[in-house]
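Structural overview for review
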Amino acid sequence: MISPIVTVDAAAPGRSLARALEGGAVLLFPDLPFPFNDFERRFTERPFADGKAKNVNIRGEAAELRGAAGTPEEQEALRQLLIRYRAFSRDLIGRYLPDYADRVDLAGTSYRPFDVDRRKLSWRRDDTRLHVDAFPSNPLGERRILRVFRNINPAGEPRRWRVGEDFGSMAERFLPRLPGYSPLSARLLALLKITKAKRSEYDHLMLHLHDALKRDEAYQAQGPQADVDFLPGQTWVTFSDLVMHGAMGGRYMLEQTAYLPVAAQADPSLSPQRILAQKLGRALH
Ligand SMILES: [Fe+2]
């Protein structure tokens, strides 16, 4: 089954949005308001980024801005825009996913002014390839990655995605190819500070799934998939650790990352953590 796009009626949200999201849907909000003032419009006219990193972002309570370019006044305005987007994302979760509201932990907020990178990147960094998100240095353990995206392109350009098959079918295909987990090397990675915490077996599997997926040219070309366009003004929400996706094109986007404990899900058995354990027939280490 290909991940479904579920359009949400903002005025009359259904009660089962969390369930749909946990089941692998992308929730699409066609026209939630997030207006820019005259000054802010410049952020969609040219990239206010230093070009060293892929994105500009704020992190933490201090919301320190990283990777931005422009005058101090412009950078402060961009920072405020990202703070406002973080609040917008929090409100969206509070309104449409109320069961998550008290459990979710808002992490980085990013401004993505550049087109999808089509330079000859290594396959591992090439996000046009279908993948699930996994963070090499930041083990997630029992947390999920929930993301809120918004296309802010001023010229009508869509953000173009591909979505792939459901996580369970993908896992069945790829699990037999993954190397076994070594608690000893996980401890070593943490001791050497290569990872911020000890990499769990779940994190190990997700990293290797990410790589095995991206490396498989035949699967990338012929595996189950569908194209999706997200238009300017649209907001979409998904568990990016569950939904297979590739970003094919488009520039000027906002993104909020949030972490949710598996235990806070309406149905924890739908998490990649539990799906992998179920496919392996045992609990993960
Ligand atoms: Fe991704």
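Residues numbered from 1 in each chain as written. Predicted model: local features only at pLDDT ≥ 70, side-chain atom pairs only at ≥ 80, totals over all residues. Heavy atoms only, no water.

1. What to know about the overall build of the chain
Cut-off, in case you're wondering: Numbering goes from the N terminus for both helices and strands, where a helix is a DSSP run of H or I of at least four residues and a strand is a run of E of at least two. Within these notes, the globule rule equals 2.2 Å times the number of residues to the 0.38 power, and the radius of gyration is based on C-alpha atoms. Partly exposed residues are those whose accessible area sits between 20% and 50% of the maximum for their type, while under 20% is buried and over 50% is exposed, using a 1.4 Å probe and protein chains only.
Counting secondary structure elements, the chain contains seven helices and 11 strands. Taking 285 residues into account, the globule formula puts the C-alpha radius of gyration at 19 Å, and the chain, at 19 Å, falls close to it. With the C-alpha coordinates aligned to their principal axes, the bounding extent of the chain is approximately 55 × 45 × 40 Å. Buried residues in the chain amount to 52% of all 285 residues.

2. Observations concerning the pattern of salt bridges
Think of it this way: side chains of opposite charge can pair up when their charged atoms draw near. This is how it is decided: The term salt bridge refers to a pairing of a side-chain nitrogen on Lys or Arg with a carboxyl oxygen on Asp or Glu at a separation within 4 Å.
Applying the stated criterion to the full structure yields 20 salt bridges. One salt bridge connects Glu74 with Arg46, and the closest N-O pair in it is separated by 3.9 Å. Within this pair, whereas Glu74 is found in helix H2 (residues 72-96), its partner Arg46 is found in the loop between strand E2 (26-29) and strand E3 (56-59), the two being separated by 28 residues in sequence. A residue is classified by how much of its surface remains accessible, and Arg46, at 43% relative accessible area, is partly exposed. Where Asp211 meets Arg124, a salt bridge forms, and the shortest distance between an N and an O atom there is 2.9 Å. Here Asp211 is found in helix H5 (residues 201-215), whereas its partner Arg124 is found in the loop between strand E5 (105-112) and strand E6 (143-151), with 87 residues between them in sequence. Judged by its relative accessible area of 43%, Arg124 is partly exposed.

3. Remarks on the sheet that holds strand E9 (residues 235-239)
In plain terms, the rule: Each pair of strands is called paired provided DSSP finds at least two bridges between the two strands. Axis definition: a line fitted to C-alpha atoms, limited for helices to the stretch in contact. Angles are taken between N-to-C directions and run from 0 to 180 degrees. In what follows, residue pairs with any heavy atoms lying within 4.5 Å of each other are defined as contacts.
The strand order E1-E2-E9-E6-E11-E5-E3-E4 describes an open sheet built from eight strands, whose pairing is mixed. A strand with exactly one partner marks an edge of an open sheet, and here the two such strands are strand E1 (5-7) and strand E4 (64-66). Direction aside, neighbouring strands of the sheet carry axes that sit 20 degrees apart on average. In the sheet, E5 pairs with strand E11 (residues 253-261) via six bridges, with the strands oriented antiparallel. When the sheet's bridge partners are listed, Arg112 is paired in E11 with Met253. Strands E2, E3, E4, E5, E6, E9 and E11 of the sheet are contacted by H2, whose axis makes an angle of about 130 degrees with E5.

4. Some remarks on the pairing of strand E10 (residues 245-249)
Burial analysis of E10 places five of its five residues in the buried class, which makes it a mostly covered element. Across four bridges, strand E7 (residues 159-164) lies against E10 in antiparallel orientation. The partner of Val163 across the bridge, within E10, is His245.

5. Concerning the sheet that holds strand E8 (residues 225-230)
If you walk across this open sheet you meet the three strands as E8-E7-E10, and the pairing is antiparallel. Each end of this open sheet is capped by a strand with a single partner; those strands are E8 and E10. Looking at each pair of strands side by side, their axes are set apart by 25 degrees on average, direction ignored.

6. Describing the coordination of the iron ion
Each donor-metal-donor angle would ideally measure 109.5 degrees in four-coordinate tetrahedral geometry, or 90 or 180 degrees in six-coordinate octahedral geometry. We apply this condition: Note that water is not among the atoms used; donors are N, O and S atoms within 2.8 Å of the metal (3.2 Å for Na, K and Ca), so sites may look incomplete.
Surrounding the iron ion are the protein donor atoms His131 (NE2), Asp133 (OD) and His245 (NE2), which sit 2.1 to 2.2 Å from the metal. The exposure class of His245 is buried, given its relative accessible area of 6%.

7. A word on the environment of Asp38
To be explicit about the condition: Pairs of N or O atoms within 3.5 Å make up the polar contacts considered here, provided that, within protein, one atom can donate a hydrogen while the other can accept it, and that residues adjacent in sequence are counted only when both atoms are side-chain atoms.
Position of Asp38 among the secondary structure elements: in the loop between E2 and E3. What makes Asp38 exposed here is its relative accessible area of 64%. For the pair Asp38 and Glu73, spaced 35 residues apart in the sequence, the C-alpha separation amounts to 14 Å. One polar contact links Asp38 to Arg41, side chain to side chain, over a distance of 2.7 Å.

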